[in-house]
Structure formats: C-alpha cells, structure tokens
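Each chain is listed here by its residues.
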Amino acid sequence: MTKLKKLVGACTVAMATLGATLSAEAATWRYAFEEAITDVQGVYASKFKEYIEANSDHSIQLFPYGTLGESADIMEQTQAGLLQFVDQSPGFTGSLIPEAQIFFIPYLLPETHEALDHFFRNSKAINETFKATYAEHGLELLKMFPEGEVVITTQEEFKKPADLDGVKVRVMTNPLLVESYKAFGATPTPLPWGEVYGGLQTNIIQGQENPLFWVESAKMYEVTDVLTFTGHNNFTTAVMANKNFYDGLPAEDQKLVQDAMDAAFDHIMEYQQGLSERSLEKIMEQKPEMKVVRLSEEERAPFRAAAEEVEAKFIEMTGDSGKALLEQFKKDLEAAKAQ
C-alpha cells in the first residue's frame, strides 16, 4: 500500500509538472481570485483579461470566489499547475510564506491613497525581496496592490482594547493576524470566509474585519450593528503565476503579462478613489441605524502601542529574513510618505 501511494504521488507530481509545461503554450489561461467579479479583485482581473485579449490571441478564463473552492484550494491548484494565475491575500499566503504576514502589522502601511500608490509601485521589499521569496514556493509574484482601508464590524461599540475583552473577532487563518487581535484585546477566531455570515448571525463570533466594499458586498452590515474605523490597516492582495508556467512563456508573452498587470494596477488604483465612501453610502442606505464610529487619534493610541508587540512577534516568527524585510519595508514606506 505504501509503495502504491508513493507511485500515485509521483504520477500526480509528474502530471502537474507536465500540465504546467503544456499550459505555457495554451491559448486559454485560467485565473482564480478570492472575491466576486464585481469586487476589487474581480475588477482587477477583468482589466487584466481585457488587456491580454486585446493584445494577443490568448484568452483568460476567470474564476471568482467559490467557483473552485476556498482560498487554500486555489493556491494548491496554482502550485500544481492547474491554474496559471491566482490572486490571494497574504492573509492566507502567510501560512505558506511567513514573511507575507508583514502586511498584518497594524499601523504599518500609509493611510493616504497617494502614499499607498507610490509604495506599491516602488517598494524594493515588494518588487525584489518578495519576488525571490515567492519563487522559492513555485510562484511568480506579478503584482501586489491595496484594496482599501480595513474596518471592524461588531455587535457592540468599542473605543479601547478593554472593550474587546471576550469579543470573538473572525480572522483569516494567519498567525500574525491572530496575534494582532490578541494585542487589541479581542479573542481572534480563525474561520473560513464561507462561515462568517452564519457565525455572526448565530453569535458564534461577534465581529470581523474587511475593507468597506467587502462589508457592503458580502452584507456584513446585516449581521453586525457597529462599524469602526481604527485606521490600523489597508487590505493587501497579491497576483501570482505558477512559476513553471511563467518561466516557460516566450519573452514576448512574459512582457505581455507584465504589461497587462501594470495596466490593471493603474486601473484599480483609479477605481479605488472614493470606493470606500461609495460603499459606506450604500451600507447606510440599506441600514440607516448602523452606527459608524471613527476612533480619534487619542483613542487609537493604545491600539498603535499594541502594534509594537505584533511587530516583535513577526520578527520572532520569521527570524533574520523577516527582520531584514521589515527594515527594507520601513525604508520604502518613508520614501512613499515623503511624496
């Protein structure tokens, strides 16, 4: 039985490798992401598809959230060569690539649209260090981009960490995000996205975090009563390709992919201007009694202080490589904020 399992495993790996090689010549490329087609990742993917199909004979088949399983499933399918492209948040990739958890250190990313744009376009940490790290896991990192300020929706209002004592807040299965909410005073509760609405509805959890467009799109306002702006993060996502597939492309197709990624990035950064405000308006139209809380700088202070603890945890989890990455990250952020 053991020999049979080994043989089946070897055949599976061989088929996946062959699939990745053959797919380099395929006319249709498969691209999966974690949101609906009308959400930010879907808008980005649609622009990528539009550019590829307008400038080549290739076609792109898009797979929105749920069509091929959960986040872990689409990552496995990409690594196996069944998908050519995947868009996945470092929130999930962090279990595979610990350094990717850096995006969950609270109050690290800039808050202005201009600084975020400059950072993601020019960051050496993202565009050089991360590319090498992702490659070690069979992934070609093509582009990272922000999706919007993260807000926390809860059943009850909170103004300080002590108010979150005993409050179960849903988090992605990401060790550092768990540490963040522990530092914030809450009880972090990892749950697959498909279980979040029901979990809030039945009081298994009492809160969750996401960008405003997703709170509106996924109707999180229906099962929570308070929406709080803490300013602690901006949701980040990453588009990757199966590395065997990407390396097997001719130079002109690699350039085509890169140009399409650049066009989609330009488009999504423009699309996001005012998106949070529009999403909040839609939420309030649907639920006028939703309470919106914006923590003052004084109220944010203890949450900012907690970020130091999370930063230390990140270095503890990732060692010297994480420490060096964080140092470069901060240099890149300073350059972005100076713009």
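For the structure, check the block above.
Keep in mind that this is a model prediction, so the values were computed, not measured.

**Details of the environment of Leu325**
Its place among the elements puts Leu325 in helix α13 (residues 297–337). Owing to a relative accessible area of 3%, Leu325 belongs among the buried residues under this scheme. Considered as a pair, Leu325 and Met220 are 105 residues apart in the sequence and their alpha carbons are 34 Å apart. With near-sequence residues (within four places) excluded, Leu325 lies in contact with Glu99, Ile102, Ala125, Thr129, Phe130 and Phe314.

**With respect to the packing of helix α5 (residues 113–122) against α13**
Here α5 crosses α13 at 135°, and the two axes come no closer than 8 Å. Classed by the angle they form, the pair α5 and α13 counts as oblique. Of the two elements, α5 crosses α13, and the hand of that crossing is right-handed. Contacts between α5 and α13 involve Ala115, His118 and Phe119 from the former and Phe329, Asp332, Leu333, Ala335, Ala336 and Lys337 from the latter.

**Focus on unusual backbone geometry**
Within the chain, Tyr107 stands out as a residue other than glycine whose phi angle is a positive 60°. The backbone of Lys219 shows a phi angle near 60°, a positive value even though the residue is not glycine. Relative to the helices and strands, Lys219 resides in the loop between α9 (212–217) and β8 (226–229).

**Some words on the packing of aromatic side chains**
Under the definition given, this model contains 19 aromatic pairs. On the numbers, 5.5 Å between centres and 75° between planes, the contact of Tyr181 with Phe184 is edge-to-face. Accessibility classification places Tyr181 together with Phe184 in one group, the buried group. Sitting above the plane of the Phe265 ring, Lys143 keeps its charged end 5.4 Å from the centroid. The ring of Phe229 has Arg294 lying over it, and the distance from NZ or CZ to the ring centre is 3.9 Å.

**Focus on helix α6 (residues 124–135)**
One full turn of an α-helix is made of 3.6 residues, so residues set three or four places apart face in the same direction. The terminal C-alpha atoms of α6 lie 16 Å apart, and with twelve residues this matches the ideal 16 Å at 1.5 Å per residue to within 8%. Along α6, the residues that are buried comprise Ala125, Ile126, Phe130, Thr133 and Tyr134. Along the axis of α6, the buried residues cluster in a sector spanning 95°; they form a single face. If you check the start of α6, you find a side-chain oxygen 3.3 Å away from the backbone N of Ala125, and it comes from Ser123.

What counts, and at which threshold
- Residues numbered from 1 in each chain as written.
- Predicted model: local features only at pLDDT ≥ 70, side-chain atom pairs only at ≥ 80, totals over all residues.
- Heavy atoms only, no water.
- Helix = DSSP H or I, 4+ residues; strand = E, 2+ residues; numbered from the N terminus.
- Buried < 20%, exposed > 50% of the residue type's maximum accessible area, 1.4 Å probe, protein only.
- Contact = heavy atoms within 4.5 Å.
- Axes fitted to C-alpha atoms, helices over the stretch in contact; angles between N-to-C directions.
- Parallel < 35°, antiparallel > 145°, perpendicular 65-115°, else oblique.
- Left-handed = near helix turned anticlockwise from the far one by under 90°.
- Phe/Tyr/Trp six-rings, centres within 6.5 Å; stacked < 30°, edge-to-face > 60°.
- Lys NZ or Arg CZ within 6 Å of the ring centre and 35° of its normal.
- Expected span 1.5 Å × (residues − 1).
- Arc of directions from axis to C-beta.
- Polar contact = N/O pair within 3.5 Å; in protein donor to acceptor, adjacent residues only side chain to side chain.

The analysis is restricted to geometry; functional conclusions fall outside its scope.
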